[in-house]
Amino acid sequence: MTDKVFEKAITKQFEFDEEVASVFDDMLNRSVPFYKEMQRLTINFALNFLEENDKVYDLGCSTASTLIELSKHSHSKLDLIGIDNSEAMINRAKKKAKAFGVDIKLINDDLDNISYENAKLILSNYTLQFIRPLQREKLVKKIYNNLRNEGIFIFSEKVISSNKILDKQYIDEYYEFKKTQGYSEFEIAQKREALENVLVPYTEEENKKMILDVGFDHCETLFKWVNFATFIAIKK
Ligand SMILES: Nc1ncnc2c1ncn2[C@@H]1O[C@H](C[S@+](CC[C@H]([NH3+])C(=O)[O-])CC(=O)[O-])[C@@H](O)[C@H]1O
Ligand SMILES: O=C(O)C(=O)Cc1ccccc1
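Residues numbered from 1 in each chain as written. Chains lettered and ligands numbered in written order. Predicted model: local features only at pLDDT ≥ 70, side-chain atom pairs only at ≥ 80, totals over all residues. Heavy atoms only, no water.

Caption draft 1: Structural context of the layout of surface pockets. Here the second largest pocket is characterised by a volume of approximately 160 Å³. Lining of the second largest pocket is provided by M1, A21, S22, V23, F24, D25, D26, T63, R92, K95 and K96. Its residues placed into classes, the lining of the second largest pocket shows four nonpolar, two polar and five charged. (1 Å grid on protein atoms, 1.4 Å probe; cavity = no way out; pocket = protein on both sides within 12 Å on 5 of 7 lines; lining within 4 Å. Points joined across faces, edges and corners; volume = space filled by probe spheres on them. Nonpolar A, V, L, I, M, F, W, Y, C, P; charged D, E, K, R; others polar.)

Caption draft 2: Representation of the UniProt feature "binding site: S-adenosyl-L-methionine" (unreviewed entry) in the protein in the model. Those places that UniProt annotates as "binding site: S-adenosyl-L-methionine" (unreviewed entry) correspond, in this numbering, to Y35, G60, C61, S62, D84, N85, D110, L111, N125 and R192. Spatially, the listed residues are scattered: they cover 158 residues, and their C-alpha atoms lie as much as 24.8 Å apart. Here N85 lies in the loop between β2 (79-84) and α5 (87-100). N85 has contacts with N108, D109 and D110, leaving out every residue within four places of it along the chain. Relative to the helices and strands, D110 is located in the loop between β3 (105-108) and β4 (119-125). (UniProt positions renumbered as here; feature names shortened; annotations may be inferred. Helix = DSSP H or I, 4+ residues; strand = E, 2+ residues; numbered from the N terminus. Contact = heavy atoms within 4.5 Å.)

Caption draft 3: Structural view of the site of ligand 2. Ligand 2 sits among F14, L28, S31, F130, K158, Y174, K178, K191, L195 and L199. Between ligand 2 and the protein, one listed contact pairs an oxygen atom with a side-chain N or O atom of K178 at 2.7 Å. The separation between an oxygen atom of ligand 2 and a polar side-chain atom of K191 is 2.6 Å. Where the shell around ligand 2 is concerned, the elements lending two or more residues are α2 (24-31), α7 (164-180) and α8 (185-195). When the residues that make up the shell around ligand 2 are grouped by side-chain class, the tally is six nonpolar, one polar and three charged. (Near = heavy atom within 4 Å. Polar contact = N/O pair within 3.5 Å; in protein donor to acceptor, adjacent residues only side chain to side chain.)

Caption draft 4: Expanded view of the UniProt feature "domain: Methyltransferase" (unreviewed entry) in the protein. The sites that carry the UniProt feature "domain: Methyltransferase" (unreviewed entry) are, in the present numbering, residues 56-151. Measuring from the first to the last C-alpha atom of residues 56-151 gives 10 Å, for a span that is 39% helix and 27% strand.

Here it is, written out as structure tokens:
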């Protein structure tokens, strides 16, 4: 279904409710530049590190698109677990996984309440940005502690620039992108307002610092388009 959530006047903050969940795949494809390419890279890099029966968690799995694709491309059997605190998203994820005949454990809970024990790979594309900064650091520490040795964390985030002039150019460039995707100026402005204080982006450097501060040995940018970045972190 086509995303028309912000065509009408909005009075509340952005929420992952039934209305958003019902158009979410279209929303993400049209709102995240190179979403499919970012997802392809996530999966290819993940597969390089995975072996039979490895445990994989997707934090903020939404409609489970990434886990379904991962499962389709894997030659080994994986233990796939998706977590999302939006019931509407998890219900869609369950329907999609069933339709694709893919075995995924889908859990409707807050990321805080889950133990990621024995994980070989943790994925989290465009989700940490919705977690309050203090809690975000705590969650990343838990991710590090629960990953096995040589475990991998791949995550994507909307980012800002610490340079004011460039940051303004980032915003303008993204605005142009959204127009090419068929969003009107009104829809773009409304969504921006609804996301204010809900989506809290860091700079690329802040993201890397957060990762290294909790103990990861290595973190680098796998992919970046202006204000959208994918990172890979490795635990020794
Ligand atoms: N505290 C939380 N606990 C659990 N889930 C949460 C929390 N906060 C937000 N979410 C969930 O995180 C997801 C973020 S969307 C991820 C896209 C997906 N990764 C994809 O690649 O297709 C990204 C976006 O919409 O920009 C939503 O489904 C929220 O319900
Ligand atoms: O659409 C936007 O304005 C964004 O900043 C990114 C985004 C994409 C999908 C859901 C929430 C935020």
